[in-house]
Amino acid sequence: MRVTLTDKLVGRRTSEGNTVAVVASFYDDSSDTWTPVTPTTVRYRLDDPETGREVIGWTSVTPATSATISLPGTSLTTSYSQEKMEVTVQANAGLSSQYQTSKRFHITGLIGQ
């Protein structure tokens, strides 16, 4: 099992309060050519990797060969001029085929604007 994450962020940045969409795609990587596969379970979380603060705890989404995960702007806030966030997506939780991947991005604060 492999999970890939794609987004439309320019330079891995977004402004505070913007909603961010991340597309998670799931593949069977047991052969040279990866094929799309629907995992048994899919879940995601959002954290501040520098402080370890949980922003959004594990949240389940409907399993499919791909899933669009919407990170709400109300969760993408900062008290600083810039802050890192990390979204983690996990497929097949608790199974021998469990796989997860993460992606970091920056929030640019609205302070002083």
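Before reading on, note that the structure itself is shown above.
First things first, this report covers the structure right here in the doc. Along each chain, residues carry numbers from 1 onward, in the same order as the chain's sequence is written. Local features in this predicted model are restricted to residues whose pLDDT is 70 or higher, and side-chain atom pairs enter the listing and the counts only when it is 80 or higher, whereas totals over whole chains, interfaces and linings include all residues. Hydrogens are left out, water is left out, and the side-chain values use all remaining heavy atoms of the structure.

## A short note on the packing of aromatic side chains
Note on aromatic pairs: the rings of Phe, Tyr and Trp (six-membered ring only in Trp) are paired at centre separations within 6.5 Å, and the planes decide the class, stacked below 30 degrees, edge-to-face beyond 60, tilted for the rest. If you walk through the whole model with that rule in mind, you get one aromatic pair. When the ring of Y27 is compared with that of W34, the centres are 5.9 Å apart and the planes differ by 40°; the resulting orientation is tilted.

## Regarding the sheet that holds strand β2 (residues 13–15)
DSSP calls a pair of strands paired once it identifies at least 2 bridges connecting them. A helix here means a DSSP run of H or I that spans at least four residues, while a strand means a run of E at least two residues long, and both kinds are numbered starting from the N terminus. With mixed pairing, five strands are arranged side by side in an open sheet as β2-β9-β8-β5-β6. Single-partner strands in this sheet number two, and they are β2 and β6 (53–61). Along the sheet, successive strands turn relative to each other by an average axial angle of 25°, direction set aside. Of the pairings in the sheet, the one linking strand β8 (residues 82–91) to strand β9 (residues 99–108) comprises 10 bridges and is antiparallel in character. Pairing of V89 across the sheet is with T101, part of β9. Axes here mean lines fitted to C-alpha atoms, for a helix over just the part in contact, with angles spanning 0 to 180 degrees between N-to-C directions.

## A few points about the pattern of salt bridges
Side chains bearing opposite charge may pair, as long as their charged atoms lie close to each other. For this analysis, a salt bridge means a side-chain nitrogen from Lys or Arg found within 4 Å of a carboxyl oxygen belonging to Asp or Glu. Evaluation of the coordinates by the stated rule reveals seven salt bridges. K84 is the partner of E50 in a salt bridge, and the nearest nitrogen-oxygen pair spans 3.6 Å. On the criterion of sequence distance, the pair formed by E50 in the loop between β5 (42–48) and β6 and K84 in strand β8 is long-range, its members being 34 residues apart. In this scheme, a residue with accessible area under 20% of its type's maximum is buried, one over 50% is exposed, and one in between is partly exposed, where area comes from a 1.4 Å probe on protein chains only. Take K84: its relative accessible area is 27%, and that puts it in the partly exposed class. A salt bridge links R53 to E83, with the shortest nitrogen-to-oxygen separation between them at 3.4 Å. Taken as a pair, R53 in strand β6 and E83 in strand β8 lie far apart in primary sequence, 30 residues in all. Judged by its relative accessible area of 38%, R53 falls in the partly exposed class. Among the residues examined, E83 registers a relative accessible area of 9% and is labelled buried. Several salt bridges converge on common partners, so that one network encompasses R45, D47 and E54.

## Brief notes about unusual backbone geometry
Notably, R12 is not glycine yet its phi reads approximately 55°, a positive angle. In this structure, R12 sits in the loop between β1 (2–7) and β2. In the Ramachandran plot, N92 falls in the positive-phi region, its phi being about 55° despite a non-glycine side chain. Take N92: it is sitting in the loop between β8 and β9. Looking at N92, the relative accessible area reads 4%, which means it is buried.

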